[in-house]
Amino acid sequence: MSDPLFWMFGGCMKRYAGLLVAACVVAALCLPGAALANGEDVGDGDVPHAGATSSSIPADEATNAEDLVVSADNAAVYIEGSPFALDSFMRAQVGGSRQIDGADGYCYYVGTAVGSVSMIACSGFAVVYVPADVAVSQGFDVSSQSDCSALRRALVALDEANANGGRLVADDANWYFTTASSYSVQGMEFGFDRELKSGQFYDTVLAVDVQGGYAAPSEAQKPSHACFAQMVPAGEVNIVAQPSWWESTVSFLGGIDYSPLWVTLKTTGTAIIFIFILGLAAAYFSLRIPPRAQDIADSIFTIPMVLPPTVCGFLLLLAFGRNTPVGRWFIDIGFPLIFSWPATVIAAVVVAFPLMYRSARGAFESLDPDMLDAARTLGWSNKRIFFKLMLPLAWNNIASGTVLAFARALGEFGATLFLAGNYLGVTRTIPIAIYFEWMNGDNATAIFWTVVIIIFSFIVILFINLWGRRTMRYRKGAGER
Amino acid sequence: MKKHTKALAAVLACVALAGVFALAGCASGGASNQSTDTSSSQSNSSADSQHSPVTLQIFAANSLSKAMEEEESLYKESHSWVSFDDTQYKSSGELNDLLAGGASADILISASKGKMDDAATAGYIDSSTRFDMFKNDLVMVTSESNTSLTSCSLADVASGKYKVAVGDESVPAGNYACQSLSTVGCYTEPDGTVGSKATGMGGVFSGALAGSGMVSLQTSVGNVCKQAQSGDVDIAFVYTSDVYRFGGVKVVGTVPADTHKPIIYPAAVTTRTTNAQESQDFLNWCMTDSTALQVWQKWGFEMMS
């Protein structure tokens, strides 16, 4: 098959120019006949089919982008100096196998209407189909070298913009253009806009064997992809301008789903209240029980800090899931403690509680017992001693414990993921969002959330430190008097 | 005295705020990731156009992430009473684990027959609704910016030149990759079978991949693709469709289809659903609607005819 390929190489064009011009004249004369041809006709394999020309433009000219404007949404392209343009571009990355004409053919789904320009990209060549009526109405002349070249450059530009990592078609040297709905080249037959099912149109690819019968295309013959577009007048094409730096930033920020921020605020805000109260209560009561019991209680309360967060989450899932009566009861009453927002609060409280507990207990233990006894001799109740004496005296340590617990609850990831899952708007907190976006390839959003959480944490900790400093100043001032 | 009152007021305000948040969170959290049960009894198809709102929860294989999102928004345009809870795109094995842990779902789409069989055995899906949705192909990819690597085959991987990333046992893409690697001696099944007869689970990496650091196991096919995109590994075994949805990777070789089991995506309606008819309607729409078929084709999923 090297001779026909040799014919089409650009370097040979000059030598066979005269022959090519003659072929074009013949094609132009046969064009009306081809337009009226029945879609089921099979042309001869090697003779240029009536209505088809081949472009011998070298590949590098095809990527000349000076007079080519591609829309920012990658769906349309405008060619300077050309009466037609392309719109509604779609790239079909994969086709399907289907029984066509008695053989296992390969086909691409076009849609429920005819009239699209199709390009099927195979290895080493591409076939472009322009419906005859569309060619006439848009002024596209399939025998004109410049028209074909313009269409080729437009398709190459859009194909590259929509490739998404798939194979590009620009390097193929041989492009065949046709307005007939059936075209044969390189031992294969291409059918266009064929109604294989009622109301559904497909482009089909079949291999033609030596006897002229149909066969399934081999792996090497299978097309890599197909593209479809609408040919529209140049003045009517819808080109979206490339956004400026500011516009893309604004659209990026506008396109982010901010629910992780609200979920994190709700979760951490609720969790820190529970942590604060439970931590203080646990610290206070653990000092009033016998020493042996104190050690055991201390170990139990500190375990969640020592266990890996994923283990904590797993244990909570076992405890509150379908495996236990408690879990089943909660699920049945419609308030599940797993894979729901309360689960995020539970996970945050369980992992951050030990920090609060230990800080508060250390603070209470370091209080001067004489002062507490003196208050008791004055007749103060335990409750009054706690709220009016112990808390204010230990406030610094308690505040730092709160900061630690807050930071831990804010950054909780493993236990939340296990117990609450990753449901957008319900349980996706910022740390989970960062991981999820990064792992799905959306680096920009991941970095955005990282910056948000850094700023947020910084502000909160700064506020708590400043508030603590005010208390210190008051106490220092009181001490100096 | 005044200072204490201020402090007390501040604490009360915080508690009130937290209470409001908690109530709001409970209200939205309790309802939104459960299918609405009150409306399901009225959502049968009927001649009149009045439909009660329905929320569907889909558990779909990780590789379907971008394609299924587009399908869902397309479906909502023509079926305005249907909305979708946050669709979970995880590895098929992880989806089964979620169902085991007590999560609720209406539709399950797995990436392998084996994982769907596991779901059927455990009673999560209604086997009468099960059918095959897509086919896919396994390819070897590398980072787009990796100019030194342009083509690769299983034999190249077996020679130990490249670090590879594959899915772990819960990821069907990992199972298929291990089946293919067993044909070149890089993965050894417990019973020694190779290729499409192997399961791709329960074995060990052998030959050139046995060395430490040669294989990176990931929990979903998207994570596997990420390893290649970020350059952490040279070669990743992913589906063809992942190249298009992920971006930043390029195909350097196709894994021969006869070295692994056929890649089929079965879909089914779950047993815990309260919207069985709406779920079935959505699945039928995905297989027959014209715009739906165009979207699957755009993202690289070959329909089962």
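Residues numbered from 1 in each chain as written. Chains lettered and ligands numbered in written order. Predicted model: local features only at pLDDT ≥ 70, side-chain atom pairs only at ≥ 80, totals over all residues.

Examining the overall build of chain B
Summing up its helical and strand segments, chain B has ten helices and 15 strands in all. For chain B, buried positions account for 46% of its 305 residues. Of the contacts made within chain B by residues no fewer than 6 positions apart, 72% connect residues no fewer than 24 positions apart. (Helix = DSSP H or I, 4+ residues; strand = E, 2+ residues; numbered from the N terminus. Buried ≥ 20, exposed ≤ 12 C-beta atoms within 10 Å, placed from the backbone. Contact = placed C-beta atoms within 7 Å.)

Brief notes about helix H7 (residues 221-229) of chain B
Residue and element names in this part refer to chain B. The buried fraction of H7 amounts to nine of the nine residues, a majority that puts the element mostly inside the structure. For H7, the complete set of buried residues consists of Val221, Gly222, Asn223, Val224, Cys225, Lys226, Gln227, Ala228 and Gln229. Glycine 231 sits one or two residues past H7 and shows a positive phi near 85 degrees.

A short note on the environment of Pro304(A)
Residue and element names in this part refer to chain A. Here proline 304 is to be found in helix H8 (residues 291-306). Among the residues examined, proline 304 registers 22 C-beta atoms within 10 Å and is labelled buried. Spatially, the C-alpha atoms of proline 304 and alanine 216 are 62 Å apart, while their sequence positions differ by 88 residues. The contact partners of proline 304, leaving out residues within four places of it in the chain, are Cys312, Val350, Val351, Phe353 and Pro354.

Overview of the interface of chain A and chain B
Size of an interface: often given as the accessible area lost when the parts come together. In this assembly, 38 residues from chain A lie in contact with 42 residues from chain B. It is helix H7 (residues 259-286) of chain A that contributes the most residues to the side of chain A that touches chain B, four residues altogether. Here the residues of the side of chain A that touches chain B sort into 17 nonpolar, 17 polar and four charged. (Nonpolar A, V, L, I, M, F, W, Y, C, P; charged D, E, K, R; others polar.)

Considering the sheet that holds strand S2 (residues 58-61) of chain B
Residues and elements named next belong to chain B. In space, the six strands of this open sheet follow the order S4-S2-S5-S14-S6-S15, with mixed pairing throughout. Because the sheet does not close on itself, it has two edges, and the strands there are strand S4 (88-90) and strand S15 (302-303). Bridge count between strand S6 (residues 131-135) and strand S14 (residues 264-269): four bridges; the pairing is antiparallel. Note on S14: the bridge partner recorded for phenylalanine 134 is tyrosine 265. Most of the contacts of helix H3 (residues 92-101) go to S4, to which it runs at about 125 degrees, and overall it touches S2, S4 and strand S5 (107-109). (Pairing = 2+ DSSP bridges. Axes fitted to C-alpha atoms, helices over the stretch in contact; angles between N-to-C directions.)

Structural notes on the environment of Val269(B)
Residues and elements named next belong to chain B. Here valine 269 shows up in strand S14. Between the alpha carbons of valine 269 and asparagine 136 there is a distance of 21 Å; along the sequence they are 133 residues apart. Once residues within four sequence positions are removed from consideration, valine 269 is found in contact with Asp106, Ile107, Ile125, Asp126, Thr129, Ala276, Ser279 and Gln280.

Comments concerning the pairing of strand S7 (residues 117-122) of chain A
Residues and elements named next belong to chain A. Most of S7 sits out of view: six of its six residues are buried. Burial of S7 is two-sided: the residues Val117, Met119 and Ala121 facing one way and the residues Ser118, Ile120 and Cys122 facing the other way are all buried. When S7 meets strand S14 (residues 225-233), the two strands line up antiparallel, connected through five bridges. When the bridges of S14 are listed, serine 118 appears paired with phenylalanine 228. As paired elements, S7 and strand S8 (residues 125-129) share five bridges and run antiparallel to each other. Along S8, the bridge assignment pairs alanine 121 with alanine 126. Taking the residues that link successive antiparallel strands as the turn, the S7-S8 hairpin has two residues, and the phi of glycine 124 there is positive, at about 100 degrees.

Observations concerning unusual backbone geometry
Residue and element names in this part refer to chain A. One non-glycine residue, glutamine 186, adopts positive backbone phi at about 55 degrees. With respect to the element layout, glutamine 186 can be found in the loop between strand S10 (182-185) and strand S11 (188-197). For glutamine 186, a count of 21 C-beta atoms within 10 Å puts it in the buried group. Within the chain, aspartate 193 stands out as a residue other than glycine whose phi angle is a positive 50 degrees. Mapping aspartate 193 onto the fold places it in strand S11.

Concerning the pairing of S10(A)
All names here are of chain A. In S10, alternate side chains face the same way, and those of Ser182 and Ser184 on one face and Tyr183 and Val185 on the other are all buried. Of the pairings in the sheet, the one linking S10 to S11 comprises four bridges and is antiparallel in character. Opposite valine 185, over in S11, you have methionine 188 as the bridge partner. Connecting the antiparallel pair S10 and S11 is a turn made up of two residues, with glutamine 186 showing a positive phi of about 55 degrees.

Regarding the nonpolar core
Formed by 194 residues in total, the largest nonpolar core has its most connected members in Val128(A), Ala352(A), Ala173(B), Ala236(B) and Phe237(B). Not counting residues up to four positions away in its chain, the partners in contact with Val128(A) are Val117(A), Met119(A), Leu151(A), Leu155(A), Trp175(A), Tyr176(A) and Phe177(A). (Core = buried A, V, L, I, M, F, W, Y, C linked by C-beta atoms within 7 Å.)

Observations concerning the sheet that holds strand S8 (residues 164-167) of chain B
Residue and element names in this part refer to chain B. Strand order in the open sheet formed by five strands is S11-S8-S12-S7-S13, with mixed pairing between adjacent strands. In the strand order of this sheet, the two ends are held by strand S11 (215-218) and strand S13 (249-254), each with one partner. Within the sheet, the average angular offset between the axes of one strand and its neighbour, ignoring direction, is 35 degrees. Sheet topology places S8 next to S11; four bridges connect them, and they run parallel. The partner of alanine 165 across the bridge, within S11, is serine 216. Here helix H6 (residues 172-182) sits on the sheet and contacts strand S7 (138-143), S8 and strand S12 (235-239); the angle it forms with S8, its principal contact strand, is near 125 degrees. Here H7 sits on the sheet in contact with S7, S8, S11, S12 and S13, set at roughly 145 degrees to S12.

Quick look at H3(B)
Residue and element names in this part refer to chain B. Most of H3 sits inside the fold, with seven of its ten residues counted as buried. Those residues of H3 that sit buried are Ser92, Gly93, Glu94, Leu95, Asn96, Leu98 and Leu99. Buried residues along H3 sit against S2, S4, S5, helix H4 (113-121) and H6.

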